[in-house]
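Spelled out, the chains give:
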Amino acid sequence: SQQGEEDPQALSIQEGENATMNCSYKTSINNLQWYRQNSGRGLVHLILIRSNEREKHSGRLRVTLDTSKKSSSLLITASRAADTASYFCATAPNSGYSTLTFGKGTMLLVSP
Amino acid sequence: DGGITQSPKYLFRKEGQNVTLSCEQNLNHDAMYWYRQDPGQGLRLIYYSQIVNDFQKGDIAEGYSVSREKKESFPLTVTSAQKNPTAFYLCASRNGPSSYNEQFFGPGTRLTVL
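Along each chain, residue indices are assigned from 1 in the same order as the chain's sequence is written. Each chain takes a letter, starting from A, and each ligand takes a number, starting from 1, following the order in which they are written. Under the rules for a predicted model, residues below a pLDDT of 70 receive no local features and side-chain atom pairs below 80 are neither given nor counted, while totals for whole chains, interfaces and linings still include all residues. Side-chain numbers here rest on the full set of heavy atoms in the structure, without hydrogens or water.

**Re the overall build of chain B**
Right, on to step 1. Helix and strand counts for chain B come out as 0 helices and 11 strands.
Right, on to step 2. Where helices and strands are cited, they refer to DSSP runs of H or I of at least four residues and of E of at least two residues respectively, numbered from the N terminus. Ordering the α and β elements of chain B from the N terminus gives β-β-β-β-β-β-β-β-β-β-β.
Right, on to step 3. Relative to the compact-globule value of 13 Å for 114 residues, chain B shows a C-alpha radius of gyration of 13 Å, a close match.
Right, on to step 4. Seen through its C-alpha atoms, chain B measures out along the principal axes to roughly 40 × 25 × 25 Å.
Right, on to step 5. Here the term buried applies to any residue with accessible area under 20% of the maximum for its type, exposed to any over 50%, and partly exposed to those in between, with areas from a 1.4 Å probe on protein chains only. Classification of the 114 residues of chain B by burial places 46% in the buried group.
Right, on to step 6. Contacts between residues were defined by any pair of non-hydrogen atoms, one from each residue, lying within 4.5 Å. Relative to all contacts within chain B whose residues are 6 or more apart in sequence, the contacts with residues 24 or more apart total 52%. Computation of the radius of gyration draws on C-alpha atoms, with the globule rule given as 2.2 Å multiplied by the number of residues to the power 0.38.

**Things to note about the sheet that holds strand β8 (residues 71-76) of chain A**
All names here are of chain A.
Right, on to step 1. We call two strands paired when DSSP finds no fewer than two bridges between them. Pairing within the open sheet is antiparallel, and its 5 strands lie in the order β1-β3-β8-β7-β6. Two strands close off the open sheet at either side, each with one partner strand: β1 (5-7) and β6 (55-58). On average, adjacent strands in this sheet sit at an angle of 20° to one another, irrespective of strand direction.
Right, on to step 2. With 6 bridges connecting them, strand β3 (residues 19-24) and β8 associate as antiparallel partners. Within the sheet, the bridge partner assigned to cysteine 23 lies in β8 and is serine 72. Here, axes are lines fitted to C-alpha atoms. For helices the fit covers the stretch in contact, and angles between N-to-C directions go from 0 to 180 degrees.

**Looking at the pairing of strand β9 (residues 85-92) of chain A**
Residue and element names in this part refer to chain A.
Right, on to step 1. Here β9 lies mainly inside the structure; 8 of its 8 residues are buried.
Right, on to step 2. Of the two faces of β9, both are covered, the one formed by Ala85, Tyr87, Cys89 and Thr91 as well as the one formed by Ser86, Phe88, Ala90 and Ala92.
Right, on to step 3. In terms of strand pairing, strand β4 (residues 31-37) meets β9 through 7 bridges, oriented antiparallel. Across the sheet, the residue bridging to arginine 36 is tyrosine 87, located in β9.
Right, on to step 4. Across 3 bridges, β9 lies against strand β11 (residues 106-111) in antiparallel orientation. Residue pairing for β11: tyrosine 87 is matched across the bridge by threonine 106.

**A look at a nonpolar patch on the surface**
Right, on to step 1. Together, B:Tyr10, B:Phe12 and B:Leu114 line one region of the surface with nonpolar side chains, adding up to about 380 Å² of accessible area.
Right, on to step 2. Inspection of the secondary structure assignment puts B:Tyr10 in strand β2 (residues 10-13). Note that patches include only residues with greater than 30% relative accessible area and no salt bridge, and the join distances are 9 Å for like charges and 5 Å for nonpolar side chains (Val, Leu, Ile, Met, Phe, Trp, Tyr). Here, Shrake-Rupley sampling with a 1.4 Å probe gives the accessible areas, and only protein chains in the shown set may cover a residue. Should a side-chain nitrogen of Lys or Arg be within 4 Å of a carboxyl oxygen of Asp or Glu, the pair is scored as a salt bridge.

**Observations regarding the interface of chain B and chain A**
Right, on to step 1. Across the boundary between the two partners, chain B contributes 31 residues, which contact 25 residues of chain A.
Right, on to step 2. Counting each side, the surface lost to burial between chain B and chain A is near 2,200 Å², with a carbon and sulfur contribution of 49%.
Right, on to step 3. Looking only at chain B, the three residues that lose the most surface to chain A are B:Leu43, B:Ser99 and B:Tyr100, adding up to 28% of its buried area.
Right, on to step 4. Counting the contacts that link chain B with chain A gives 0 salt bridges.
Right, on to step 5. Mapped onto the side of chain B that touches chain A, the elements with two or more residues apiece are β4 (31-38), β5 (42-49), β9 (87-94) and β10 (103-105) of chain B.
Right, on to step 6. Among the elements that line the side of chain B that touches chain A, the one with the most residues is β5(B), at 6 residues.
Right, on to step 7. The residue classification treats Ala, Val, Leu, Ile, Met, Phe, Trp, Tyr, Cys and Pro as nonpolar and Asp, Glu, Lys and Arg as charged. All others, Gly included, are polar. When the residues that make up the side of chain B that touches chain A are grouped by side-chain class, the tally is 12 nonpolar, 12 polar and 7 charged. Here the quantity called buried area is the accessible surface, traced with a 1.4 Å probe, that two parts lose on coming together, added over both.

That is the geometry; function is a separate question.
Next up, the structure:
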């Protein structure tokens with residue numbers, strides 16, 4: 001079953017603008033991860049946030065986690081055309097060894 | 001996509017035929033995964049393996065089979081029992097048992113059943 005649901009399904013912005021994508025999930029998690037997928041390619045890990053963390057930064061990426069609302073957001077600042085891709089959140093529901101459950105993704109288009 | 005190779009990139013098969021997708025990794029990872037991706041559906045877990053000679057069903061295992069005879073290899077067979085096999089298949093691996101470890105993905109195989 002799909003745990004995470006991203007919102008919006010698609011997002012179109014201009015270069016230099018910020019892009020915000022949201023992820024909601026249903027059950028308690030151990031951590032939440034964001035991945036990026038260029039068209040027709042494999043996924044690449046971007047960032048992981050643990051359930052006891054509220055915010056995390058990596059370069060132009062900022063991830064927040066609100067466990068009370070069961071939601072997370074990914075902010076890409078000063079976007080570039082090369083950021084055009086699909087972005088997926090993935091949740092790890094249990095501690096220890098567990099599989100990830102991926103959402104349906106947000107397709108981001110950054111126009112020059 | 002470093003360290004994980006999938007072949008072939010595109011695969012065409014006639015309905016009713018079994019087909020095997022290759023996944024090889026040189027990352028020395030214990031865990032390996034197979035996902036299926038359909039348009040607008042995200043990734044769904046087919047099978048996963050934590051160690052050699054051991055594997056578990058994921059959410060959509062029906063019509064698929066796997067083997068894990070070597071640490072480096074985790075082939076997926078799409079059998080004729082899979083009702084709608086046309087999809088993009090992704091293989092991934094992870095270093096260590098903890099869910100805190102990221103998954104590394106291969107470039108994928110696009111299977112089309114004619």
